[in-house]
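Architecture at a glance
The primary structure of each chain is shown beneath.
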Number of protein chains: 2
Amino acid sequence: MAISAKRWLMALLVAAAALGTGAGCARQKSAADEVYVKPGDHDKYYAFLSGGHSGQVYVYGIPSGRLLNEIPVFSPYARTGYGFDEETKKMMAGYTWGDAHHPAISETNGQYDGRWLFINDMPHARLARINLSSFLTEEITGPIPNVSGLHTFLLTPNTEYALAASRFSAPMPLGTYQPIDSYAKTFDGVIAAMKIDPKSGHMSLDYEIKTPPIDLDISAAGKGASEGWAFFTSYNTELSYTDMEVGASQHDQDFVVAVNWKAAAQAALEGKYTMVGGAKVIDPAKTPGIIYFLPTPKSPHGVDVTPDGKYIVASSKLSPTVTVHSFDNMMNAIRKKDFDGSWRGTPVVRYKSTMVAEVPVGLGPLHTQFDDKGYAYTTLFVDSAVVKWQLGSWKVLDKIPVTYNPGHLAVVGGDTTKPEGKYLLAMNKITKDRFLGVGPDFPTIAQLVDITGQKMRLLLDFPTMGEPHYGQIIAADKLKPLRLFDLAKSSAPGVVHSEQEAGITRNGNKVEVKMVAIRSHFKPDNIEVNQGDEVTFHVTNTEQDENIAHGFALDFTNLDIEVAPGETKTVVWKADKPGVYPFYCSNFCSALHQEMQGYLAVRPRK
Amino acid sequence: MAISAKRWLMALLVAAAALGTGAGCARQKSAADEVYVKPGDHDKYYAFLSGGHSGQVYVYGIPSGRLLNEIPVFSPYARTGYGFDEETKKMMAGYTWGDAHHPAISETNGQYDGRWLFINDMPHARLARINLSSFLTEEITGPIPNVSGLHTFLLTPNTEYALAASRFSAPMPLGTYQPIDSYAKTFDGVIAAMKIDPKSGHMSLDYEIKTPPIDLDISAAGKGASEGWAFFTSYNTELSYTDMEVGASQHDQDFVVAVNWKAAAQAALEGKYTMVGGAKVIDPAKTPGIIYFLPTPKSPHGVDVTPDGKYIVASSKLSPTVTVHSFDNMMNAIRKKDFDGSWRGTPVVRYKSTMVAEVPVGLGPLHTQFDDKGYAYTTLFVDSAVVKWQLGSWKVLDKIPVTYNPGHLAVVGGDTTKPEGKYLLAMNKITKDRFLGVGPDFPTIAQLVDITGQKMRLLLDFPTMGEPHYGQIIAADKLKPLRLFDLAKSSAPGVVHSEQEAGITRNGNKVEVKMVAIRSHFKPDNIEVNQGDEVTFHVTNTEQDENIAHGFALDFTNLDIEVAPGETKTVVWKADKPGVYPFYCSNFCSALHQEMQGYLAVRPRK
């Protein structure tokens, strides 16, 4: 057989063209291409991950996994002078750390509204609020009365409340001594409702609900069908206080605590509380209809509500299942008083009546997230995997190894009524061999998984700062970050708007310095004071050009602040020792940054 | 024309095979593929970047740009409890921050030996040493006498000395008051030589050299041909002390200060010093042959010695050139006393005699690095670029934009006699539009550039933590990170090797708790003390399994430590207020991590 050269030539050219354009080598976009954000391009999503015992929040770009920012919350941060200036020092109230667990973006109608990020500090029972425009911590509450170990909190779907619970029970009010072995009789748990001002975001305690001394663990807000309710897992219904590893793992079932927070708010309004430790504490044994116990196998850890609000999914860490409770069934059971009796005055709803599925996911299920297509994703701590299963059919469909021992996972829009099924981020506790060694203290690890297909696909490993417990992922276009402070509108203490207003005033032994920092000098830059003076520096960065931050650092002291364009910060220093103290701009700002310095001379006492 | 179908078929198959295997689509590996490290694989290099005013060192993997670790040095770090336990608290000596500038890996024969990383704290004039096996800070010196603003230091090629200089002059000894306007007469600069113990790495002050009150800026060690010498740039030969932006930018030339540190050591041995502030201070006006001034245009910032040690390259921030001095020429000029007179007793070597090139690199040259092929790379702060030029021909060959305003740059093995010309990392000060916004405080940025080809090629942008000033990049196989502490060999205060040794002892009002942390409990886990007791906790993690760290956190206190496998840490707490304080493992360790808790009860005073 012979055909014309021309026809073959055509065939060859077509084939070559098809292959040469990449059709032959890019059938599936490579993982490298999926996560690479080329210089100048931006990530598509923000991921806000808690830092655990670092006390901070870390902001990552997704899909690149690049760490964009550390937001200091509960620990000082010399990089920005957080915890060094008077305002933030006051906010931190003497605590030098926190254990930041569960970040939550504020919601409107069950959607992330991008206004604030709330986060808890477990050991000091505090909540903090970060402004998602300035990316600064604006508020840290004091320790919430009666709450011991604030491991979990949730935001209600319109950010009316932050509901926070005590993981560790203690005698109330806190500060009361009772022998530890009187635990079952004298220790109490509590769920606290912090009201959130819709305009300012300011938090204030409304009411609390007393619980038995069980360990309240993780929580989720009802939404859609279940709006007005909230759900808390618990362990240690055994009321163990020593050898808990064994003691708190005895019962085959513990409880999901279902809370009708609107009914509780009404009860508080009606005066159905007693004051304990400065808080209005509602006793559910005396005020029924506020909380119910849903028996759930076994030491459940995570609890998550499906986007439609119809199901409450609890991950039972000591049973290879997630337990699905139907909200409708629960309401029916409550209406019918379909109870298995009560415990310490709280009704125990019959398990068979609320439970619609025990999904056999695998070993050590901890947390579940949902996508926009009716699938659920559960981390398996012991199996080191994420499992995909279907709502409704309750069938397990896929399983992907993650390395190693995942805790939480986060899907874009994970806590909302409309999650976006694009990526899943597994936050794993153990890295072992995954990265270059950095000594005996290993980093934690996040793994980015593509969940758009039938099968999950691992795209990227990246190390994470601190110990992330949970994350919030939000599309980048939902935030409108502030790019500089408007100096003209500033009324910060000691602010000056121009170099003409800068200067030094003395009142007895108090010296007030109103200082301007601008490329590339301080004004004033020579200051003489007397030993024993208390010197207050108000430093204003009068730049109105983005990204031109100045630092103010005084040698041989703990005075260190960074001041962003248009910002004013105040630091106070006692001039105890004579000598000459240089100060300088600690943030490289210009070609003449090195010349941005001055001297503070302290004359000795005569 | 017609040819056989068979021949055409062969041609088609060959072509298709060639294209299909990727030869057609991977002519050049994409930047995405160059930097992607697929899950489970490791980076090839460690980059140690200083954090500037964060006070820390950050460890990145290269080429991925992933942040592998934060090493706390000068600032507390709640993540690990650094600055919280007694040992690190003592090392920090009351300072809560530092300004970490110029990391330096210890060298043997001019090569990185991977034993230690040294880093300076500018405002408190301290040096720190990090063990590159444990990745822990092992030593922080006290403030070095007479040094005010320790902006620069260098390591000699066998880590005999760290030579550190004062950026800000001050009246000596520090603590002496002089009116600021007596600057030229009463302020002094100093170069301090800290001797390093070759076995332990311990630093101790040997001698100091007095200089005029110029601002000593950046430094580099002589090596190879120039071993035994060190070079420091300076600005402010005008001796300005106010309005320095203008005042210190007058002279067309300032100095590179050439220091014969071996001659100085000998002079110190011979007693040619006076004691000032506890230091042996050599006055070069009285002891000639120790320092020389090399005139250099104009406010030079970076100084770098070529790998062979033959040239001293100074980047003149206010002149569009780098100035190349020949070491041989300098030695000849010194021998011949080819001087332009002297200044304050120090000979000024004739510029034309040492200078061999003024390379026209562009605007705002700051720092230079070298590769293994005879090329030099200089950052241009004002031009926002890196320029490649050739040693010997002094020709500019290539220029690549970097975004924006680069300070230092680092090449693999950058400070050694054998740099590896693979990557260059530009550390840029300004990011502007390069990343998703994170509020008015922008991150800094590093850019990874491939320097294997004739033309430089930008591969990756990544945000950096704190404000990196300089970095050290080393091949991963040159470090052997420790993976866990050997408990059997530990003699840490309060260490216990098994649960049997754990316990509580009381001595008056001092209570000592020797505690074991192991999956998933503390022993003891119930502790009762009296109000007013001083409680010392020695917490030993008796795990001998990699990556299983435990935390020990006491609620409502600033007691927070992480304890790695085999490690013991000690914290002390005054039991001032009665009540029940839960403690817990703050680092997720196992499926029963949540059960790893205990109670400390404080009985009220009777």
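Note that the structure is predicted; figures quoted are calculated from it, not measured.

Let's shift gears to the overall build of chain A. For chain A, the count of helices and strands is 8 helices and 42 strands. Reported as C-alpha extents along the three principal axes, the dimensions of chain A are approximately 95 × 85 × 45 Å. At a minimum sequence separation of 6, the contacts of chain A that also span at least 24 residues come to 58%. Averaged over its 58 positive side-chain charges, chain A has a centre that lies 4 Å from the centre of its 65 negative ones.

Attention shifts here to the packing of aromatic side chains. Residue and element names in this part refer to chain A. One pass over the structure, following the stated rule, counts 56 aromatic pairs over all chains. Relative to Trp394, the ring of Tyr311 has its centre 5.1 Å away and its plane inclined at 85 degrees; by these criteria the two rings are edge-to-face. A residue pair is termed long-range when its members are at least 10 positions apart, and Tyr311 in strand S19 (residues 311-316) and Trp394 in the loop between strand S26 (385-390) and strand S27 (396-401) qualify at 83 residues. A relative accessible area of 22% means that Tyr311 is categorised as partly exposed. In this structure Trp394 comes out as buried when scored by relative accessible area, which is 16%.

Moving on to the sheet that holds strand S32 (residues 471-475) of chain A. Residues and elements named next belong to chain A. Ordered by their spatial adjacency, 4 strands build an open sheet running S3-S2-S1-S32, and the pairing between neighbours is antiparallel. In this open sheet, the two edge strands, each paired with only one partner strand, are strand S3 (67-71) and S32. Between one strand and the next, the sheet's axes are offset by a mean angle of 20 degrees, whatever the strand orientation. Where strand S1 (residues 45-50) meets S32, 5 bridges bridge the pair, whose relative direction is antiparallel. The residue bridging Phe48 from the neighbouring strand is Gln472, located in S32.

With that out of the way, let us pick up the interface of chain B and chain A. Much of the literature gives interface size as the accessible area that the parts lose upon coming together. Listed by partner, the interface residues are 156 residues for chain B and 158 residues for chain A. Carbon and sulfur atoms make up 60% of the area that chain B and chain A hide from each other, which totals about 13300 Å². Summed over the shared surface of chain B and chain A, the number is 6 salt bridges. In this structure, B:Asp441 engages A:Arg79 in a salt bridge whose closest nitrogen and oxygen atoms are separated by 3.4 Å. Where chain B meets chain A, there are 74 residue pairs in polar contact (both at pLDDT 80 or more). Tallying contributions element by element places helix H1 (residues 5-23) of chain B first for the side of chain B that touches chain A, with 9 residues. Looking at the side of chain B that touches chain A residue by residue, the classes come out as 83 nonpolar, 42 polar and 31 charged.

Further remarks concern the side chain of A:Lys429. Counting through the fold element by element, A:Lys429 comes out in the loop between strand S29 (423-428) and strand S30 (444-450). Of the residues examined, A:Lys429 reaches a relative accessible area of 6% and is grouped as buried. Once residues lying within four places of it in the same chain are set aside, the contact partners of A:Lys429 are A:Phe381, A:Tyr404, A:Asn405, A:Gly407, A:Thr444, A:Glu467, A:Pro468, A:His469 and B:Phe588.

Right, let's talk about the relation of the copies chain B and chain A for a bit. Of the transformation placing chain B onto chain A, the axial shift is 0.0 Å and the rotation is 180 degrees, giving an RMSD of 0.0 Å. The superposition operator between the copies reduces to a two-fold rotation axis. Distance from the rotation axis, computed per C-alpha, reaches its smallest value in chain B at B:Ala32: 2.8 Å. Interface residue correspondence from chain B to chain A reaches 100%, placing this contact among same-surface, isologous pairings.

All names here are of chain B. With respect to the helices, strands and loops of the structure, Ala549 is situated in the loop between strand S37 (534-541) and strand S38 (550-554). Residue Ala549 is classed as buried on the basis of its relative accessible area, which comes to 6%. When the C-alpha atoms of Ala549 and Pro173 are compared, they prove to be 46 Å apart, with 376 residues separating the residues in sequence. Every residue in contact with Ala549, bar those within four places of it in the chain, is listed here: Asn541, Glu562, Val563, Ala564, Pro565, Asn587 and Cys589.

Attention now goes to the sheet that holds strand S6 (residues 126-131) of chain B. Residues and elements named next belong to chain B. Overall, antiparallel pairing links the 4 strands, which are arranged S4-S5-S6-S7 in an open sheet. The open sheet terminates on both sides in strands that have one partner only, identified here as strand S4 (104-108) and strand S7 (136-140). Taking the axes of each pair of neighbouring strands and ignoring which way they run, one obtains an average angle of 35 degrees across the sheet. One ladder, built from 6 bridges, connects strand S5 (residues 111-121) with S6; its direction is antiparallel.

This brings us to the pairing of strand S37 (residues 534-541) of chain A. All names here are of chain A. Of all 8 residues in S37, 7 are buried; the element is thus mostly enclosed. Both strand S34 (residues 510-518) and S37 contribute to a ladder of 8 bridges, which runs parallel. Of the residues in S37, the one forming a bridge with Glu512 is Thr536.

Another aspect to go through is the side chain of B:Ser64. All names here are of chain B. Secondary-structure assignment places Ser64 in the loop between strand S2 (57-62) and strand S3 (66-71). You can call Ser64 buried: its relative accessible area is 15%. Within the structure, the side chain of Ser64 is placed 2.9 Å from the side chain of Arg66, a separation counted as a polar contact. With residues near it in sequence (within four places) discarded, Ser64 still touches Val35, Val37, Asp43 and Leu460.

Let us now look at the pattern of salt bridges. Counted under the stated rule, the structure contains 54 salt bridges over all chains. Residue A:Arg434 is joined to A:Asp461 by a salt bridge in which the shortest nitrogen-to-oxygen separation is 3.1 Å. Of the two residues, A:Arg434 sits in the loop between S29 and S30 while A:Asp461 sits in strand S31 (residues 457-464), which places them 27 residues apart along the sequence. Between A:Asp545 and A:Arg519 there is a salt bridge; the shortest N-O distance is 3.4 Å. Here A:Asp545, found in the loop between S37 and strand S38 (550-554), pairs with A:Arg519, found in the loop between S34 and strand S35 (521-523); they are 26 residues apart in sequence, far enough to count as distant. A:Asp545 gets classed as partly exposed once you look at its relative accessible area, which sits at 30%. A single network of salt bridges, built from pairs that share partners, joins A:Lys432, B:Arg519, B:Glu543 and B:Asp545.

Another point: helix H7 (residues 327-335) of chain A. All names here are of chain A. Within the sequence span of H7, burial applies to Phe327, Met330, Ala333 and Ile334. Buried residues in H7, looked at end-on, bunch into an arc of 120 degrees, giving them a common side. Capping of H7 at its N-terminal end is provided by Ser326; its side-chain oxygen lies 3.3 Å from the backbone amide nitrogen of Asp328. One or two positions beyond H7, positive phi appears at Lys337, with a value near 50 degrees.

Residues and elements named next belong to chain A. Counting all residues, the mean pLDDT for chain A is 95, and 96% of those residues have values of 70 or more. Low pLDDT, under 50, characterises residues 15-26; the stretch is placed with 10 contacts to residues that sit more than four places away or in other chains. As scored by the predictor, the complex reaches a pTM of 0.96 and an ipTM of 0.95.

Glancing now at unusual backbone geometry. Note that the residue after A:Lys523, namely A:Pro524, is joined by a cis bond; omega there is -5 degrees. Among the structural elements, A:Pro524 can be located in the loop between S35 and strand S36 (526-530). Of note, the amide linkage connecting B:Arg519 to B:Ser520 takes the cis form, showing an omega dihedral of -5 degrees. Structurally, B:Ser520 can be placed in the loop between strand S34 (510-518) and strand S35 (521-523).

What follows is about the pairing of strand S2 (residues 57-62) of chain A. Residues and elements named next belong to chain A. Counted residue by residue, S2 has 6 buried out of 6 residues, so it is predominantly covered. Alternating positions in S2 separate into two faces, Val57, Val59 and Gly61 on one and Tyr58, Tyr60 and Ile62 on the other, with burial throughout. Across 6 bridges, S1 lies against S2 in antiparallel orientation. What sits directly across from Tyr46, in S2, is Gly61. In this antiparallel pair of consecutive strands, S1 and S2, the connection spans 6 residues, and Gly52 shows a positive phi of 60 degrees. Here S2 runs beside S3; their pairing, made up of 4 bridges, is antiparallel.

Rules used throughout
- Residues numbered from 1 in each chain as written.
- Chains lettered and ligands numbered in written order.
- Predicted model: local features only at pLDDT ≥ 70, side-chain atom pairs only at ≥ 80, totals over all residues.
- Heavy atoms only, no water.
- Helix = DSSP H or I, 4+ residues; strand = E, 2+ residues; numbered from the N terminus.
- Contact = heavy atoms within 4.5 Å.
- Lys, Arg positive; Asp, Glu negative; His and termini not counted.
- Charge placed at Lys NZ, Arg CZ, Asp CG, Glu CD.
- Phe/Tyr/Trp six-rings, centres within 6.5 Å; stacked < 30°, edge-to-face > 60°.
- Buried < 20%, exposed > 50% of the residue type's maximum accessible area, 1.4 Å probe, protein only.
- Pairing = 2+ DSSP bridges.
- Axes fitted to C-alpha atoms, helices over the stretch in contact; angles between N-to-C directions.
- Buried area = accessible area lost by both parts, 1.4 Å probe.
- Salt bridge = Lys/Arg side-chain N within 4 Å of Asp/Glu carboxyl O.
- Polar contact = N/O pair within 3.5 Å; in protein donor to acceptor, adjacent residues only side chain to side chain.
- Nonpolar A, V, L, I, M, F, W, Y, C, P; charged D, E, K, R; others polar.
- Least-squares fit on C-alpha atoms with pLDDT ≥ 70 in both.
- Arc of directions from axis to C-beta.
- pLDDT = per-residue confidence, 0-100.

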